[in-house]
Amino acid sequence: MKKIPDINILDEKNNLLHKKSVDATFPISEAERKLCHNMIKYLELSQDEKVAEEYDLRAGMGLAFAQVGILKRIFVIANEKEDKSFEEYIIINPQIISMSEEMIFVGEGEGCLSVNREVEGIVPRHARITVSYFDFEGNKQTIRVREDLAVAFQHEIDHLDGILFTDRIDKKNPYKNANKMREI
Ligand code: ZN
């Protein structure tokens, strides 16, 4: 049996998920590093169908610190590749420095480990973004991401600003402008 990291993910009803996080300060503590690794481990296990079923986990590819109740600008992503291995990202104090004009949306809808209900509608996202961020050692890095990964980055950066994907869906017209964007 695999051991699932003990992480308490807050539900959307929790007020902390609607607050803006503050920049993390360096050095990043041992406890914060450990939490990042546990969050990644959790995400990877959640994407394993057998484990997910056994432990009743929903699959997720990203988690922000705000989702575990810590209002610091840090998030992690575990992106499963074709060969079943994972690309892991630990992103500290990100800033979007450029974005494509082209917009996309996830056809099956976005999901969030903090939103435990079905949500109808599309979330407009940039198809490609370039993000600057810091690594654990405090070195500035730049990454350009596209497609699903770009959606995941924008979803997680939103969490740092207290925004949930549900906030980006037009309440009156959940499929507004779908014809102006590319579905992925
Ligand atoms: Zn989320």
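Owing to the predicted nature of the structure, the values given are computational and were not obtained by experimental measurement.

What counts and what doesn't
Residues numbered from 1 in each chain as written. Predicted model: local features only at pLDDT ≥ 70, side-chain atom pairs only at ≥ 80, totals over all residues. Heavy atoms only, no water. Helix = DSSP H or I, 4+ residues; strand = E, 2+ residues; numbered from the N terminus. Expected span 1.5 Å × (residues − 1). Buried < 20%, exposed > 50% of the residue type's maximum accessible area, 1.4 Å probe, protein only. Pairing = 2+ DSSP bridges. Axes fitted to C-alpha atoms, helices over the stretch in contact; angles between N-to-C directions. Contact = heavy atoms within 4.5 Å.

Q: I tried to follow helix α1 (residues 30-46) on my own but got confused; where do I start?
A: The periodicity of an α-helix, 3.6 residues per turn, causes residues three or four positions apart to be oriented the same way. Look at α1: 24 Å from first C-alpha to last across 17 residues, which is about the 24 Å you get at 1.5 Å a residue. Within the sequence span of α1, burial applies to Glu 32, Arg 33, Leu 35, Cys 36, Met 39, Ile 40, Tyr 42, Leu 43, Glu 44, Leu 45 and Ser 46.

Q: What is the right way to read the sheet that holds strand β2 (residues 74-80) from this model?
A: The sheet built from 5 strands is open, its strands ordered β1-β2-β3-β6-β7 with antiparallel pairing. This sheet does not close on itself; its edge strands, each paired only once, are β1 (62-64) and β7 (140-146). The average angle at which neighbouring strand axes cross in this sheet is 40 degrees, direction not considered. The pairing of β1 with β2 spans 3 bridges and is antiparallel. Following the sheet pairing, Ala 64 is matched in β2 by Phe 75. Set on the sheet, α1 makes contact with β1, β2 and β3 (86-99); between it and β2 the angle comes to about 30 degrees. Sheet strands in contact with helix α3 (residues 147-160) are β1, β2, β3, β6 (128-134) and β7, and its direction is about 160 degrees off that of β2.

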